[in-house]
Amino acid sequence: MAVSSLSASGVRWNLDDLAPNAEAAREAWDELLARSRDFANRRRGTVGSVGPAELFALLSELDALYEDIARTRFYATAREHTEAADAEANDLATLARDRLADLESLLLFVDLEWLALDDAAVDALLAAPELEPYAHRLRVAREEKPYVLPEGEEQALNARRSAISAWESLHGRELAMLSVDFDAGEGPEPHTLDRLLAYVHNPEREIRLAALDAVYEALTGLSDVQAACYDAIVGDRLSVDRLRGIPEPMDPTNRANELEGSVVEAMIGAVEENYPLARRWFVRKAAVLGLDKLQLADQYAPVGTDRRVEWGEAVTMVDDTLRDFSPPLADIFQTCLDRGHVDAEPRSGKVGGAYCSSISKSVLPYVLMNYTDQLRDVITLAHEFGHVVHGTLSLERQPYRGYHTGLALAEVPSTFTQLLVVERLIEQEEDPSTRAMLLADRAESAMASIFRQTMMARFEQRSYGIRAEGKALTSDRLAGVWIEENERYYGDALDLPAGYRLGWSYIPHFIHVRFYTYAYTFAHLVAFSLLARYREDREAFVPAWLDLLGNGASRSPQDLLMPVGVDLRDPETWALAFGEFDRCIAEAEAGLDVLDA
Ligand SMILES: [Zn+2]
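These numbers were taken from a predicted model, which means no experiment stands behind them.

A. Layout of the coordination of the zinc ion. All of the protein donors around the zinc ion are H383 (NE2), H387 (NE2), E411 (OE) and E411 (OE); their distances to the metal are 2.1 to 2.6 Å. Here the zinc ion is ringed by four donor atoms whose angles at the metal span 52 to 143°, and the overall shape comes out irregular. Sequence spacing of the donors to the zinc ion: H-x3-H-x23-E. Taken as a pair, H383 in helix α17 (residues 375-397) and E411 in helix α18 (residues 407-428) lie far apart in primary sequence, 28 residues in all.

Structure representation (structure tokens):
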């Protein structure tokens, strides 16, 4: 399909809220550097000695500086992400990265001095009402203190960072360089890994099976290198953990998410108990596809009928959903559209995927996506605007330092908004076959985030365990653990091809952020629980939800979620979520019944 025929053609960012042009952005970096130097000269060495009112002033000044940095930085990112071939955009991106590193080293002293204070001094400061807006973030920052090493040792560790990132780069580069000649019906063509993997949504079974075979064949040549990269990275993380006295490999991720280890473990356990839900669906799906049993390549095979959704219809759908829920949220959506904060047109030179970037108290968030007129794109738009309303309301009510939550909670409002819009799409869809497609897609995306991501977290746990026992993470060993964890999930409801033993080797999260994957599980389950609470008592839920959005990161996820009726420490929360999940699967099954009839 020619790009120009897509309905979001012309929906591009207007960057005027960030900077008028590249030259102004360059000047802004110079000015920020000067301001940061001046700030450091005046404030260095004072964090521990000033009183609460003066510390509040210091932190507010630092926040203002960081907000301007965020604005100038995103101007460079936005241009880099939409004008890959533009020399000015590329130069500016390089300048931004260099300047940012300089600024961060200049401003780092605030956090270090805060950590260096003794507990009594900290308690006295945090008891003062002046510091209340910052109190939670300051307290959370202190939790790193037991694991921070003396300055010289930290510097030595920092100096080794580029050696470790070399392993990360090697892992990514090997995958990025993969090019496989694959014939999807129009003669052999070179394919990247992502393009091959996308064929799992192809309606033709032979193409799906052949594409996955081609993936595994290509990975065979890489798996020793990929295993060596993972072994080096896990080995390094474990040695540094030992130096810092970190007892469990999952602890740093849990701390960043502000989640208790016992809560995460209870959640993962509840997910594993519910694996049979997915198996029920796989058996039903095999029947509707006319198969005895699903192969892995059939897991996401399309059922029902997709349809085109023009950009205007998508905007109306998201607007109606938000307005129905709470009009101020729809107003934020409209203002972002009106001010050109959404870039939806797919075009060459623009990055793939979708994201929302919150900027500052005075600039609304920016959203990037690639709208291709499919139903799934409406869901992506809804997801990103879940992030937008969260970012906007938090920035309105919290200091800059206190608006941004950890990853796990950050995905909750986006997933919740996405579920609201999906529900509306399903309700309003008149064609039974398209309804069946939407219902199946809702159930399968929940399975992908809840079940598959949990399976991956378990794979990681076991890999760290093996490495901690002094055994190397070889390709064979990783393959063994990978297949065992996958079999625990899929059971005998789905056949795994022999090549899938290398399925671990292309997952970037394992390399970049350990235990990243459970955040998706968490967000989807919590969003399901929230949906149940919303249905129970709409009147009470909506204001409590708006409060949560405005509370940003000013308290822990446990305390943020309590007022909306979700107690993370209560096993009932996960039971409620799986009740919703079960309902989703039952509705998807009923959708298939209509197709059969
Ligand atoms: Zn998201």
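Right, picking up where we left off after that structure.
B. Structural context of the pairing of strand β2 (residues 188-191). As defined by bridge partners, strand β1 (residues 180-183) adjoins β2 across four bridges and the pair is classed as antiparallel. Of the residues in β2, the one forming a bridge with D181 is P190.

C. Layout of the environment of A128. When you line up the elements, A128 lands in the loop between α5 (119-126) and α6 (132-142). A relative accessible area of 10% means that A128 is categorised as buried. Distance from A128 to R142, taken between C-alpha atoms, is 17 Å for residues 14 residues apart in sequence.

D. Here's a closer look at the pairing of β1. Burial along β1 is one-sided: the face carrying V180 and F182 is buried and the face carrying D181 and D183 is not. Hairpin connection of β1 to β2: four residues between the antiparallel strands, including G185 at a positive phi of 115°.

E. The side chain of E113, seen in detail. As for its placement among the helices and strands, E113 is situated in helix α4 (residues 109-116). Although E113 is buried, it forms no salt bridge, and the closest oppositely charged side chain is R44 at an N-O distance of 6.0 Å. At 3.1 Å, the side chain of E113 forms a polar contact with the backbone nitrogen of V47. Leaving out residues up to four positions away in the same chain, E113 has contacts with R43, R44, G45, T46, V47 and G48.

F. Looking closely at the sheet that holds strand β4 (residues 342-343). Judged by pairing direction, the sheet is mixed, and its three strands sit side by side in the order β4-β6-β5 without closing on themselves. Since the sheet does not close on itself, it has two edges, and those belong to β4 and β5 (355-357), each with one partner. Pairing of β4 with strand β6 (residues 366-368) involves two bridges; the strand directions are parallel. Residue pairing in the sheet places V342 in a bridge with V367 of β6. In the packing of α17 onto the sheet, contacts are made with β4, β5 and β6, and the angle to β5 comes to roughly 15°.

Conventions used here
Residues numbered from 1 in each chain as written. Predicted model: local features only at pLDDT ≥ 70, side-chain atom pairs only at ≥ 80, totals over all residues. Heavy atoms only, no water. Donors = N, O, S within 2.8 Å, 3.2 Å for Na, K, Ca; no water. Tetrahedral: all angles 85-135°; square planar, octahedral: opposite > 155°, others 65-115°. Helix = DSSP H or I, 4+ residues; strand = E, 2+ residues; numbered from the N terminus. Pairing = 2+ DSSP bridges. Buried < 20%, exposed > 50% of the residue type's maximum accessible area, 1.4 Å probe, protein only. Lys, Arg positive; Asp, Glu negative; His and termini not counted. Salt bridge = Lys/Arg side-chain N within 4 Å of Asp/Glu carboxyl O. Polar contact = N/O pair within 3.5 Å; in protein donor to acceptor, adjacent residues only side chain to side chain. Contact = heavy atoms within 4.5 Å. Axes fitted to C-alpha atoms, helices over the stretch in contact; angles between N-to-C directions.

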